[in-house]
Amino acid sequence: MIQQVEKIWMDGKFVNWKDANIHVLTHTLHYGLGVFEGIRCYKCADGRSEVFRLKEHVDRLFESAHICQMDIPFSREEISEAILEILRVNKLEEAYIRPIVFIGDGEMGIYVKNYDIRVAIAAWAWGAYLGDEGIQRGIRVKVSSFTRQHVNISMTKSKTCGSYVNSIMAKREAILAGYDEALLLDNEGYVSEGSGENIFIVKNGVVKTTPRSSVLSGITRDSVIQILEDQGKTVKEESFTRDELYTADEAFFTGTAAEITPIREVDDRSVGNGSPGPVSKKVQEIYFRAVKGEEPRYNDWLSYL
Ligand SMILES: *Cc1c(COP(=O)(O)O)cnc(C)c1O
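Rules of the game
- Residues numbered from 1 in each chain as written.
- Predicted model: local features only at pLDDT ≥ 70, side-chain atom pairs only at ≥ 80, totals over all residues.
- Heavy atoms only, no water.
- Near = heavy atom within 4 Å.
- Polar contact = N/O pair within 3.5 Å; in protein donor to acceptor, adjacent residues only side chain to side chain.
- Areas by Shrake-Rupley, 256 points an atom, 1.4 Å probe, with all protein chains shown as cover.
- Nonpolar A, V, L, I, M, F, W, Y, C, P; charged D, E, K, R; others polar.
- Core = buried A, V, L, I, M, F, W, Y, C linked by side-chain atoms within 4.5 Å.
- Buried < 20%, exposed > 50% of the residue type's maximum accessible area, 1.4 Å probe, protein only.
- Helix = DSSP H or I, 4+ residues; strand = E, 2+ residues; numbered from the N terminus.
- Contact = heavy atoms within 4.5 Å.
- 1 Å grid on protein atoms, 1.4 Å probe; cavity = no way out; pocket = protein on both sides within 12 Å on 5 of 7 lines; lining within 4 Å.
- Points joined across faces, edges and corners; volume = space filled by probe spheres on them.
- Pairing = 2+ DSSP bridges.
- Salt bridge = Lys/Arg side-chain N within 4 Å of Asp/Glu carboxyl O.

(A) Representation of the site of the ligand. Surveying the vicinity of the ligand reveals 15 residues, the closest of which are Lys159, Tyr164, Glu193, Thr220 and Thr256. In this structure, an oxygen atom belonging to the ligand sits 2.7 Å away from a main-chain N or O atom of Ile219. Thr220 has a polar side-chain atom sitting 2.6 Å from an oxygen atom of the ligand. Contact with the protein chains hides 96% of the accessible area of the ligand, taken as 380 Å² for the molecule alone. The residue makeup of the shell around the ligand, split by class, is three nonpolar, seven polar and five charged.

Structure (structure tokens):
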């Protein structure tokens, strides 16, 4: 259950949680054309709270909307301010923030002439998405029978609501089979990403991550690449196969929700020695310090409340 808060921001106003409703003929509910973001706010070591990489998330929300030809009726500044306000109004010190841009009711059918674009922003307390134990010990992953969206089907650079049917199918299949998360391959058979996470592997000290072409261009992925490069590591954005993953020394998922979650097993084969390796642990450590304002070199990633 989502932990309820007092207010949700809807179309420019703060409304009570129980009043943040939409009509059953809301277009996005029927056809899936809507875009969203997932953002985290962390409580820092000094007691203040910060929103991690707010600008990049708001920019991506607008890019997703642009890809989907949806004109957001607010400016980037207004949306950024609303994100900070929803945390302040609800007195949230740590939270997951979910802005969504959707088409309202009034018209039906695939083609809508007068798009009524609506925006809502909710925030609630949400712990480790793949579990605290997953963050500590690593998770078990299954290569999915479902293929990741092709770049020319739903496209990959937008967090489009409807694209998550693919993610849900894959994740359900993996969970029902007894695993923690699904790993999807792209339409050529190379490793793509998890149902909502990008993937990294480490072999002989070299780090690889999937090229941006077949994946959602993750902001955590970007942060991790920067952290690794600052540690003197080489990060190659290069396609790799599932057997390259099986034989990697280390693997981990990255995402705002999943943060940095090591992968200890893929398709019943242990990755490395079956527990989080040194590179994964180091990146986790720096990342979790950075989001709490304890890594001064990354302080420009933080927007304090
Ligand atoms: C949101 C998402 C990610 C992770 O992106 P972040 O910006 O790191 O949160 C990765 N893959 C998919 C499919 C996603 O939806």
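Picking up after the structure, the text goes on.
(B) Region of interest: the nonpolar core. Residues Ile79, Leu87 and Ile97 are the most contacted members of the largest nonpolar core, which totals 30 residues. With six residues, the single largest contributor to this core is helix 3 (residues 76-89). With sequence-adjacent residues up to four places away left out, Leu87 is seen in contact with Cys41, Val51, Leu92, Ala95, Ile97, Ala123 and Leu305. Listed in part, the 21 residues of the second largest apolar core include Val202, Val224, Val235 and Leu302.

(C) Layout of the layout of surface pockets. The space that makes up the largest pocket amounts to roughly 1,200 Å³. Lining the largest pocket are 47 residues, and of these Phe36, Tyr96, Arg98, Ile100 and Tyr164 sit closest to its centre. Of all the secondary-structure elements, those providing two or more residues to the lining of the largest pocket are strand 1 (7-10), helix 1 (27-31), strand 6 (95-103), strand 7 (117-124), helix 5 (164-176), strand 10 (191-194), helix 6 (219-230) and strand 14 (250-255). With five residues, helix 5 is the single largest residue contributor to the lining of the largest pocket. Split by residue class, the lining of the largest pocket holds 25 nonpolar, 15 polar and seven charged. Lining the second largest pocket are 15 residues; nearest its centre among them are Arg60, Glu63, Arg212, Ser217 and Ile219. Elements represented by at least two residues in the lining of the second largest pocket include exactly helix 2 (54-67) and helix 6. Among the elements that make up the lining of the second largest pocket, the one with the highest residue count is helix 2 (five residues). Here the residues of the lining of the second largest pocket are counted per class, giving three nonpolar, two polar and ten charged.

(D) Structural context of the pairing of strand 8 (residues 139-147). Across three bridges, strand 8 lies against strand 15 (residues 259-266) in parallel orientation. Bridge assignment links Ile139 to a residue of strand 15, and that residue is Ile263. Note that strand 8 and strand 9 (residues 181-185) share four bridges and pair parallel. Within the sheet, the bridge partner assigned to Val141 lies in strand 9 and is Glu181.

(E) Molecular detail of the pattern of salt bridges. What the rule picks out here adds up to 24 salt bridges. The salt bridge partner of Asp222 is Arg53, with a shortest N-O separation of 2.8 Å. Taken as a pair, Asp222 in helix 6 and Arg53 in the loop between strand 5 (49-52) and helix 2 lie far apart in primary sequence, 169 residues in all. The class of Arg53 is buried, set by a relative accessible area of 6%. A salt bridge links Asp267 to Lys142, with the nearest nitrogen and oxygen atoms 3.7 Å apart. Pair noted here: Asp267 is in the loop between strand 15 and strand 16 (269-270) and Lys142 is in strand 8, with a separation of 125 residues, a long-range link. Judged by its relative accessible area of 6%, Asp267 falls in the buried class. For Lys142, a relative accessible area of 29% gives the class partly exposed. Through salt bridges that share partners, Arg53, Glu56 and Asp222 make up one connected network.

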